[in-house]
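Each chain is listed here by its residues.
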Amino acid sequence: MRDYTEEQLERYSRHILLNDVGVEGQERLLDGKVLIIGAGGLGSPAALYLAAAGVGTIGIVDGDRVDISNLQRQIAHFTKDVGVWKADSAAEKMRAINPDVNVIPYNKYLFASNIKEIIGKYDFVIDGTDNFAAKFLINDACILGNIPFSHGGILRFDGQTFTINPNESACLRCLFDKPPPPNLVPTCSEAGVLGAIAGMLGTIQAAEALKFLTGAGELLNNKLLTFNALDMQFRTITVNKNENCPICGHNPTITELVDAEQAVCDLK
Amino acid sequence: MTVETLDITKDHCPMTFVKAKLALAKISSGDVLEVTLSGGEPLENVPKSAQEEGHKIISIEESGDNYLIKIAKK
């Protein structure tokens, strides 16, 4: 067990006090490695909470720079950061919250060609991306690499998330075998989002990562959590592993990674 | 069986119990932690919280202006 300074004990006291976390759970967080893909609406709150929690190594990936239209919901970025790499901008805030954490920013997008090498260094992955191509790529890379991950998505007033334990619980392709055709993806004019729901969903994803690392409670395995913020209704839908799933079923047809076609409207 | 000691007379809630939990985490099941603490809030809460987490309070004694509590780790 590591020696805690007085400051570290104070910093992590509210975790240590929890019976389901305790000193042992905090140790697992400090030893933990989480990769956050996307430093946007979902990735921002996830990154800040995981850094605050003392997750020892946090990678954060984004190939984009901060735009002023991001600031309505991507809370790791400030007005002064417009034009800065999003991963660098988020990393700066994470280090400011908790200098104990080793933050590794990746100022790049992930593709079939580079995702495997990066995710292989982590215990858990948070999908905070905003497009179907990336979501299916992350799913496939995590299933093939046997890395648990949290899927998340938001649009308008709606959010959905579930947590995948590869080959044990349902994956994204068990539910949706392939990305929707580009003409079914919302157009730019349909793609507003209430800023605060990014925080709601990204924070649920952060909680799942913390539960995974500490072993506390039950993950959203085989449980798709959805909410609509207009009536503030939450639902948990039981989902099942699909034996005909093209990647984790009995006879998988996907055995290597490929990049899917991007949607027409590439939102920032 | 080993006996470890911990002085939390200068700490306040909830750091009193945080430090007791850390000290308990460092010893093995059945080992004893002797905690020196102040009367009032720490005396009321630390033994209770330790019990709630399954540890056994062996004794509570006055020790000068403070109290000495012996806790056996679960």
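See the structure printed just above.
No experiment lies behind these values; they were computed from the predicted model shown.

(A) Seen up close, the overall build of chain A. Counting secondary structure elements, chain A contains nine helices and eight strands. Taken over the C-alpha trace, chain A has a radius of gyration of 18 Å; the compact-globule value for 268 residues is 18 Å, and the two agree within 12%. Its C-alpha atoms give chain A principal-axis dimensions of roughly 55 × 45 × 40 Å. Relative to its full complement of 268 residues, chain A shows a buried share of 52%. Within chain A, contacts between residues separated by at least 24 positions form 65% of all contacts whose residues are at least 6 apart in sequence. For chain A, the exposed area adds up to about 12400 Å²; of that, 52% sits on carbon and sulfur atoms.

(B) Just the environment of Gly56 of chain A, in detail. Residues and elements named next belong to chain A. In this structure, Gly56 sits in the loop between α4 (43–53) and β2 (57–61). Its relative accessible area of 11% is what places Gly56 among the buried residues. Expressed as a C-alpha distance, the spacing of Gly56 and Pro252, which sit 196 residues apart in the sequence, is 35 Å. Here Gly56 is in contact with Leu29, Leu30, Gly32, Val101 and Asn102, once residues within four sequence places are set aside.

(C) Broad picture of the nonpolar core. Residues and elements named next belong to chain A. Residues Leu35, Ile37, Ile115, Ile119, Val125 and Cys171 are the most contacted members of the largest nonpolar core, which totals 31 residues. Among the secondary structure elements, those contributing two or more residues to this core are β1 (33–37), α6 (115–119), α7 (132–145), β6 (158–164) and α8 (172–175). The element contributing the most residues to this core is α7, with six residues. Leaving out residues up to four positions away in the same chain, Cys171 has contacts with Asn139, Ile143, Phe162, Ile164, Cys245, Ile247 and Cys248. In terms of nonpolar packing, the next biggest core, distinct from the first, is built from 26 residues, Val34, Ala91, Met94 and Val101 among them.

Cut-off values and rules
- Residues numbered from 1 in each chain as written.
- Chains lettered and ligands numbered in written order.
- Predicted model: local features only at pLDDT ≥ 70, side-chain atom pairs only at ≥ 80, totals over all residues.
- Heavy atoms only, no water.
- Helix = DSSP H or I, 4+ residues; strand = E, 2+ residues; numbered from the N terminus.
- Rg over C-alpha atoms; globule rule 2.2 N^0.38 Å.
- Buried < 20%, exposed > 50% of the residue type's maximum accessible area, 1.4 Å probe, protein only.
- Contact = heavy atoms within 4.5 Å.
- Areas by Shrake-Rupley, 256 points an atom, 1.4 Å probe, with all protein chains shown as cover.
- Core = buried A, V, L, I, M, F, W, Y, C linked by side-chain atoms within 4.5 Å.

Remember that the coordinates give geometry; whether it matters functionally is a separate question.
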